[in-house]
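Coordinate analysis (summary)
So you can see what is in the structure, the chains are spelled out below.
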Amino acid sequence: MRTIGVVMNGVTGRMGYRQHLVRSVLAINEQGGVTLSDGGRVKIKPVLVGRNADKLADIAAKHGISDFTTELDSALADDDNLIYFDAQVTSARVKAVLKAIEAGKHIYAEKPTAESTQEAMALAEAAAAKGVKNGVVQDKLFLPGLLKLKRLIDGGFFGRILSVRGEFGYWVFEGDWQEAQRPSWNYRAEDGGGIVLDMFPHWHYVMENLFGRVQSVYARAVTHVPSRVDEQGNTYQATADDAAYGIFELEGGIVAQINSSWTVRVNRDELVEFQVDGTHGSAVAGLRNCRVQHRSATPKPVWNPDLPATARFRDGWQEVPDNAEFDNGFKVQWEAFIKHVLEDAPFPNDFASGARGVQLAELGLRSSAEGRRIEVPQL
Ligand SMILES: NC(=O)c1ccc[n+]([C@@H]2O[C@H](COP(=O)([O-])OP(=O)(O)OC[C@H]3O[C@@H](n4cnc5c(N)ncnc54)[C@H](O)[C@@H]3O)[C@@H](O)[C@H]2O)c1
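Note that the structure is a prediction, hence the values are computed from the model and not measured.

Conventions we followed
Residues numbered from 1 in each chain as written. Predicted model: local features only at pLDDT ≥ 70, side-chain atom pairs only at ≥ 80, totals over all residues. Heavy atoms only, no water. Helix = DSSP H or I, 4+ residues; strand = E, 2+ residues; numbered from the N terminus. Buried < 20%, exposed > 50% of the residue type's maximum accessible area, 1.4 Å probe, protein only. Contact = heavy atoms within 4.5 Å. Near = heavy atom within 4 Å. Polar contact = N/O pair within 3.5 Å; in protein donor to acceptor, adjacent residues only side chain to side chain. Nonpolar A, V, L, I, M, F, W, Y, C, P; charged D, E, K, R; others polar. Domains from an automatic or database assignment. Pairing = 2+ DSSP bridges. Axes fitted to C-alpha atoms, helices over the stretch in contact; angles between N-to-C directions. Parallel < 35°, antiparallel > 145°, perpendicular 65-115°, else oblique. Left-handed = near helix turned anticlockwise from the far one by under 90°. Phe/Tyr/Trp six-rings, centres within 6.5 Å; stacked < 30°, edge-to-face > 60°. Core = buried A, V, L, I, M, F, W, Y, C linked by side-chain atoms within 4.5 Å. Buried area = accessible area lost by both parts, 1.4 Å probe. Salt bridge = Lys/Arg side-chain N within 4 Å of Asp/Glu carboxyl O.

Some words on the environment of Thr-279
Here Thr-279 is to be found in the loop between strand 14 (272–278) and strand 15 (281–285). Thr-279 sits in the partly exposed class, given a relative accessible area of 37%. Between the C-alpha atoms of Thr-279 and Arg-160, which are 119 residues apart in sequence, the distance is 5.4 Å. Other than its neighbours up to four places away in sequence, Thr-279 contacts Phe-158, Gly-159, Arg-160, Leu-162 and Arg-295.

Below, the structure written as structure tokens:
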């Protein structure tokens, strides 16, 4: 059994605490560590870093963690700490990650890796120049629903894939009469907020990994709710987009149309759903479930508004079975990154792919501002 130190910055935040510290790192230790290919096991010693010592002390005490500090430099100076992980607000990421690269740490980071393509590429280049391993969180790839969708694609279920329509979102409360369920920085452009910067990096790796390279984007990003109330009860101007309506052209002629919104009320089975239509069959995949309709079971609806609808279209779909056990996607990716660092196991979700996600967000915002479709240059 070996133990490696991992500097974790931003663990007081929603993602850093719940998904990365509790559901991934601590869960890995509880299961006895990460198992390497030679059967050896590796446990993770989290070193918590943040701005507020009291909050860090509370988390450390609650989970029996011995190391925490408000000094990033001192955590990076310790040779036992092999990896630096960043789940800070997006706007704080680049500076800290560059420091960690300079200190020779392998880097794992939340998405988006930066706020601009130039900075995201600079991170990828700095990591390559220093020879450190690098990875970006791409958790949606490990959702049971999307794993089933991938299984269908790999099995040739769809024939030729024609189109993808994605619907993501839910109502985020304004913060006045009911508390907002997301941090207020998400609604301020100057603080790294906005749904395009938040969600297009996700959609990018989903499209690239499941369907093919993204060749162009047309997007309309809007701020539907112009003012909100923050954590302190103060009203602020929402300067960032809270909804984005995007059309993406992918290699192979596939058209993907994805709506992302924090200003929509859910009338779906799951908070995100992708419908994929192919010549031989269609599927609707959500976070957990995936249902299909094969060409042989496709009804022939006839348009007649004079008659009430009698067909129950949803009944003609079939649930795809699990046929596997699905672990928490964040945890699965942590294990993969540790194996990548320690035994060079493959890890395709690197800073270069993270930069392509940031590029799509940047071009999406430009498309919206200029009101035109934009080709995506290959990075
Ligand atoms: N993979 C996913 O599905 C997913 C989901 C949500 C958010 N994220 C990403 O994770 C990161 C964190 O998001 P979150 O929702 O956990 O945010 P959060 O506001 O809950 O947490 C932010 C963390 O950053 C720290 N921080 C450092 N500098 C800060 C500053 N100047 N202002 C405010 N906080 C600062 C905070 O103390 C806190 O620990 C973001 O980059 C976001 O894009 C990823």
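Description of the site of the ligand
Lining the immediate environment of the ligand, one finds 23 residues, of which Thr-12, Arg-14, Thr-90, Arg-93 and Trp-185 sit closest. At 2.8 Å, a backbone N or O of Arg-14 approaches an oxygen atom of the ligand. Looking at the shell around the ligand, the elements that each hand over two or more residues are helix 1 (14–30) and helix 7 (195–210). Classifying every residue of the shell around the ligand gives nine nonpolar, six polar and eight charged. A domain-level breakdown of the shell around the ligand finds at least three residues from each of domain 1 (2–137 + 329–346) and domain 2 (141–325 + 358–370).

Some details on the sheet that holds strand 8 (residues 161–169)
The strand order across the open sheet formed by nine strands is 17-16-15-14-8-13-12-9-18, and the pairing between neighbours is mixed. The open sheet has two free edges, formed respectively by strand 17 (318–319) and strand 18 (374–375), since each of these has just one partner strand. Of the pairings in the sheet, the one linking strand 8 to strand 14 comprises seven bridges and is antiparallel in character. Counted as the bridge partner of Arg-165 is Gln-275 from strand 14.

Side note on the packing of helix 1 against helix 8 (residues 329–343)
Running from amino to carboxyl end, helix 1 crosses helix 8 at an angle of 60°, the nearest separation of the two axes being 9 Å. Overall, the two elements helix 1 and helix 8 adopt an arrangement that is oblique. Regarding helix 1 and helix 8, the two cross each other, and that crossing is right-handed. Each of Met-15, Gln-19, His-20, Arg-23, Ser-24, Val-25, Ala-27 and Ile-28 in helix 1 lies in contact with helix 8, whose residues at this interface are Phe-330, Lys-331, Trp-334 and Glu-335.

Here's the deal with the packing of aromatic side chains
Inspection of every chain in the model, using the stated rule, returns 13 aromatic pairs. Centroid distance Phe-85 to Trp-334: 4.9 Å. Interplanar angle 55°. Geometry classified as tilted. Here Phe-85, found in strand 5 (residues 81–86), pairs with Trp-334, found in helix 8; they are 249 residues apart in sequence, far enough to count as distant. For the pair formed by Phe-85 and Trp-334, the shared burial category is buried. Taken together, the aromatic side chains of Phe-85, Tyr-108, Trp-334, Phe-337 and Phe-347 make up a single cluster linked through ring pairs.

Considerations on the nonpolar core
Grouped together as the largest cluster of nonpolar side chains are 51 residues, with contacts concentrated most on Leu-149, Phe-200, Phe-211 and Phe-248. For Phe-248, the contacting residues outside a window of four places in its chain are Phe-200, Met-207, Val-214, Ser-216, Val-217, Ile-254, Val-255, Ala-256, Ile-258 and Leu-360. Judged by nonpolar contacts, the second largest core, of 30 residues, contains Val-11, Ala-87, Val-137 and Val-341.

Concerning the domain arrangement of the protein
With domains assigned, the protein is organised as domain 1 (2–137 + 329–346) and domain 2 (141–325 + 358–370). For domain 1 and domain 2, the distance between their C-alpha centres works out to 29 Å. Contact with domain 1, which involves 16 residues of that partner, is made by 16 residues of domain 2. Taken over both partners, the interface formed by domain 1 and domain 2 buries close to 1,200 Å², and the fraction arising from carbon and sulfur atoms is 62%.

Examining the pattern of salt bridges
Applying the stated criterion to the full structure yields 20 salt bridges. The partner of Asp-198 in a salt bridge is Arg-182, with the nearest N and O atoms 3.2 Å apart. Of this pair, Asp-198 sits in helix 7 while Arg-182 sits in the loop between strand 8 and helix 7, and the two are 16 residues apart along the sequence. Pair check on accessibility: Asp-198 and Arg-182 agree, each one buried. Asp-242 is the partner of Arg-228 in a salt bridge, and the nearest nitrogen-oxygen pair spans 3.9 Å. Linking Arg-228 in strand 10 (residues 227–229) with Asp-242 in the loop between strand 11 (235–237) and strand 12 (243–250), this pair joins segments that are 14 residues apart in sequence. Each of the two residues, Arg-228 as well as Asp-242, counts as buried. Because the salt bridges share partners, they merge into one network encompassing Lys-111, Arg-182 and Asp-198.

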